[in-house]
Amino acid sequence: MSTHATARVAAPTRREQILREAARLFAERGFHGVGVDEIGAAVGISGPGLYRHFPGKDAMLAELLVGISERLLDGGRMRVSQDAAAGGGSPESILDALIEGHIDFALDDRPLITLHDRELDRLQDADRKRVRQLQRQYVEVWVEAVRALYPRPAEDEVRMTVHAVFGLLNSTPHLTGALPDRDATAALLHRLARGAFAAAAS
């Protein structure tokens, strides 16, 4: 890939910059503790200039929470289909791919986890229902993958285990400061997730 192509892919848009900084600030100070001017200053534009991109903070919050739910679902489905196309899609490799994808989210997007836990109820009803719908669909992608590898547990038990694993992986905001070693942390989380599914199947 050329240097020009790499820069084009890597460079975030102004809208993406605004969302990233809004997520960080909302997670640090709470939704009502952050003003539009502060978000603007974080990306180098005036607070009123943000209104060219978003009608207000509520719209930023909705796009952040609906957007990450869409991204997780689309990413999960893509990993399942890519793994199936590339290597025959063994149940073990598909589950590993899902775990790896969620770990990337849990390590790289910790502010969004905090934001979801604290601010989901602030969304308008339609946006909150959309988030819940997307999350249910994402869970079912995992349930299908887990049951393909571990067919013995009942479906409801597998679904409960998937939620428990999400809780485990999404605990990363409690790792204060910089991660001690990203690769080691990812490997540990992966072992813990696989161990939880194996334990539920035993």
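As recorded in an unreviewed UniProt entry, the protein goes by the name TetR family transcriptional regulator, listed as coming from Streptomyces finlayi.

## A few points about the domain arrangement of the protein
Taken domain by domain, the protein consists of domain 1 (12–55) and domain 2 (58–201). Centre-to-centre separation of domain 1 and domain 2, based on C-alpha positions: 26 Å. Residue-level contacts link 15 residues of domain 1 with 13 residues of domain 2. Between domain 1 and domain 2 lies a buried interface of about 1200 Å² when both sides are counted; carbon and sulfur atoms form 75% of it. The interface formed by domain 1 and domain 2 includes one salt bridge.

## So, the UniProt feature "domain: HTH tetR-type" (unreviewed entry) in the protein
Under the UniProt annotation, the feature "domain: HTH tetR-type" (unreviewed entry) is placed at residues 12–72. Across residues 12–72, the secondary structure splits into 66% helix and 0% strand, with the terminal C-alpha atoms separated by 19 Å.

## Remarks on the UniProt feature "DNA-binding region" (unreviewed entry) in the protein
If you check UniProt for "DNA-binding region" (unreviewed entry), the listed places come out as residues 35–54 in our numbering. For residues 35–54, helix accounts for 40% and strand for 0%, while the C-alpha atoms at its two ends are 14 Å apart.

## Description of the layout of surface pockets
The computed volume of the largest pocket comes to approximately 510 Å³. Taken together, 18 residues form the lining of the largest pocket, with Arg20, Leu64, Arg71, Asp109 and Leu112 sitting closest to its centre. For the lining of the largest pocket, the secondary structure elements donating two or more residues are helix H2 (14–29), helix H4 (57–87) and helix H6 (110–119). Per-element accounting of the lining of the largest pocket gives the leading share, seven residues, to H2. Counting contributing residues, the lining of the largest pocket receives three or more from each of domain 1 (12–55) and domain 2 (58–201). Size it by volume and the second largest pocket reaches roughly 430 Å³. Going through the elements one at a time, H4, helix H5 (91–108), H6, helix H7 (125–149) and helix H8 (155–169) are the ones with two or more residues in the lining of the second largest pocket. The dominant element in the lining of the second largest pocket, judged by the number of residues it contributes, is H7, at six residues. Looking at the lining of the second largest pocket residue by residue, the classes come out as nine nonpolar, six polar and three charged.

## Topic: the nonpolar core
Nonpolar side chains tend to gather and get buried jointly when the protein is soluble and globular. Counting 56 residues, the largest nonpolar core has Phe26, Ile39, Met60, Trp142, Val162 and Phe197 as its most contacted members. Of all the elements in the fold, those that place two or more residues in this core are H2, helix H3 (36–43), H4, H5, H6, H7, H8 and helix H9 (182–201). Each of domain 1 (12–55) and domain 2 (58–201) accounts for three or more of the residues forming this core. In this view, Trp142 contacts Leu95, Leu98, Ile99, His102, Val162, Val165, Phe166 and Phe197; residues no more than four positions away in its chain are not counted.

## Thoughts on the environment of Gly101
Following the sequence through the fold, Gly101 ends up in helix H5. A C-alpha to C-alpha distance of 17 Å links Gly101 and Gly195, two positions 94 residues apart in sequence.

## Structural notes on the side chain of Arg194
Checked against the element boundaries, Arg194 lands in helix H9. Beyond its immediate stretch of four places on either side in the chain, Arg194 contacts Glu92, Leu95, Asp96, Ile99, Leu149 and Tyr150.

## Comments concerning the pattern of salt bridges
If you walk through the whole model with that rule in mind, you get 17 salt bridges. A salt bridge links Glu70 to Arg130; its shortest N-O distance comes to 3.9 Å. Taken together, the positions of Glu70 in helix H4 and Arg130 in helix H7 put the pair 60 residues apart, joining distant regions of the chain. Among the residues examined, Glu70 registers a relative accessible area of 33% and is labelled partly exposed. For Arg130, a relative accessible area of 33% corresponds to the partly exposed category. Notably, a salt bridge pairs Glu155 with Arg159, separated by 2.6 Å at the nearest N-O pair. Of this pair, Glu155 and Arg159 both sit in helix H8, four residues apart, roughly one helical turn. Within this structure, Glu140, Arg147, Glu155, Asp156 and Arg159 form a network of salt bridges that share partners.

Reading the values: the criteria
Residues numbered from 1 in each chain as written. Predicted model: local features only at pLDDT ≥ 70, side-chain atom pairs only at ≥ 80, totals over all residues. Heavy atoms only, no water. Domains from an automatic or database assignment. Contact = heavy atoms within 4.5 Å. Buried area = accessible area lost by both parts, 1.4 Å probe. Salt bridge = Lys/Arg side-chain N within 4 Å of Asp/Glu carboxyl O. UniProt positions renumbered as here; feature names shortened; annotations may be inferred. Helix = DSSP H or I, 4+ residues; strand = E, 2+ residues; numbered from the N terminus. 1 Å grid on protein atoms, 1.4 Å probe; cavity = no way out; pocket = protein on both sides within 12 Å on 5 of 7 lines; lining within 4 Å. Points joined across faces, edges and corners; volume = space filled by probe spheres on them. Nonpolar A, V, L, I, M, F, W, Y, C, P; charged D, E, K, R; others polar. Core = buried A, V, L, I, M, F, W, Y, C linked by side-chain atoms within 4.5 Å. Buried < 20%, exposed > 50% of the residue type's maximum accessible area, 1.4 Å probe, protein only.

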